[in-house]
Amino acid sequence: MKITLIRTAAVLGIALSLSACSTFNRTPPAGTPLADVTAKLGKPDAVYPDPAGGQVLEYRGQPMGQYNHMAHIGADGRLVAYEQALTSENFAKVQPARWTKDDVLRTFGRPAEVSRDRATGDEVWSYRYKQDGIWNSYRNIYFNVRGEVRRTDDTPDPLLDDRSKGL
């Protein structure tokens, strides 16, 4: 009887904790004024001007920014959208020869790593993310000398992804 009572109390405690977590939502609703957005989310890690007249606030979630979130503030100073930036769907929107470094910064935030392409010497920005929500990968964005996107590709994370180890 005593063990059953303890188990029941433990299950109820876990259920209560989980229900409290599900009611906490960090995402402010669209239309929230900028002051309220920063009060709820905190100081952004970076702010980028938006050509449409507003601004984009970057919030980094992990040490290497694996879960960057971007808050898009309209010209009227209100939140338009708040979204996880580093997704396969967002990376698919990149348009080589049309996007510049500024477009990439506004969409994905600062890269986890900046290096040079061994073949061409062009600058490469790497973003660490969960490819399709499963595989740890780096999305590499290659820029030409004018700062325009030349191409993109995915490479496995050599430390976290078994695909790079030939297993």
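See the structure printed just above.
Below or above, wherever it landed, is the structure these notes cover. (Residues numbered from 1 in each chain as written. Predicted model: local features only at pLDDT ≥ 70, side-chain atom pairs only at ≥ 80, totals over all residues. Heavy atoms only, no water.)

## Regarding the pattern of salt bridges
Our working rule: Salt bridges, as used here, are contacts in which a Lys or Arg side-chain nitrogen is within 4 Å of a carboxyl oxygen on Asp or Glu. Secondary structure elements follow DSSP: runs of H or I no shorter than four residues count as helices, runs of E no shorter than two count as strands, and numbering proceeds from the N terminus. Three exposure classes are used, based on accessible area relative to the maximum for each residue type with a 1.4 Å probe and protein chains only: buried under 20%, partly exposed in between, and exposed over 50%.
Enumeration according to the criterion identifies 9 salt bridges in this entry. With a shortest N-O distance of 3.0 Å, Asp 154 and Arg 139 are connected by a salt bridge. Of the two residues, Asp 154 sits in strand E8 (residues 149-156) while Arg 139 sits in strand E7 (residues 135-143), which places them 15 residues apart along the sequence. Using a relative accessible area of 12% as the deciding quantity, one classes Arg 139 as buried. Here Arg 146 and Glu 148 are joined by a salt bridge, their closest N and O atoms 3.0 Å apart. Overlapping salt bridges, with partners in common, bring together Glu 58, Arg 60 and Arg 110 in one network.

## Details of the packing of aromatic side chains
Heads up, the rule is: Only Phe, Tyr and Trp rings are paired, with Trp represented by its six-membered ring, and only when their centres lie within 6.5 Å; those with planes under 30 degrees apart are stacked, over 60 edge-to-face, the remainder tilted.
What the rule picks out here adds up to 7 aromatic pairs. Aromatic side chains Phe 91 and Tyr 127 sit 6.1 Å apart centroid to centroid with 50 degrees between the ring planes, which places their arrangement in the tilted category. One end of the pair, Phe 91, is in helix H3 (residues 88-91); the other, Tyr 127, is in strand E6 (residues 123-131), with 36 residues separating them in the sequence. Taken as a pair, Phe 91 and Tyr 127 share a single burial class, namely buried.

## Let's talk about the nonpolar core
Inside soluble globular proteins, nonpolar side chains tend to come together where they are buried. Inclusion rule: By nonpolar core we mean a set of buried residues, namely Ala, Val, Leu, Ile, Met, Phe, Trp, Tyr and Cys, connected to one another through side-chain atoms within 4.5 Å. By definition, residues are in contact when any of their heavy atoms lie within 4.5 Å.
Core analysis: the biggest nonpolar cluster contains 18 residues, and Val 104, Phe 108, Tyr 127, Ile 141 and Val 149 have the highest contact counts within it. Counting residues per element, the ones that place at least two in this core are strand E1 (46-49), helix H4 (101-108), E6 and E7. Dropping the residues within four chain positions of it, Phe 108 is found in contact with Asn 68, Met 70, Ala 85, Leu 86, Asn 90, Phe 91, Val 94, Trp 99, Tyr 127 and Ile 141. Judged by nonpolar contacts, the second largest core, of 8 residues, contains Val 37, Leu 41, Leu 57 and Ile 73.

## Things to note about the sheet that holds strand E3 (residues 69-73)
The condition that has to hold: Think of it this way: DSSP has to see at least two bridges between two strands before they count as a pair. Interaxial angle, 0 to 180 degrees, is taken between N-to-C directions of lines fitted to C-alpha atoms, where a helix line uses only the stretch in contact.
One open sheet accounts for 4 strands, arranged E1-E2-E3-E4; its pairing is antiparallel. Each edge of the sheet is formed by a strand with only one pairing partner; in this case those strands are E1 and strand E4 (79-84). Put simply, the sheet's adjacent strands are angled 20 degrees from each other on average, direction ignored. With 5 bridges connecting them, strand E2 (residues 55-59) and E3 associate as antiparallel partners.

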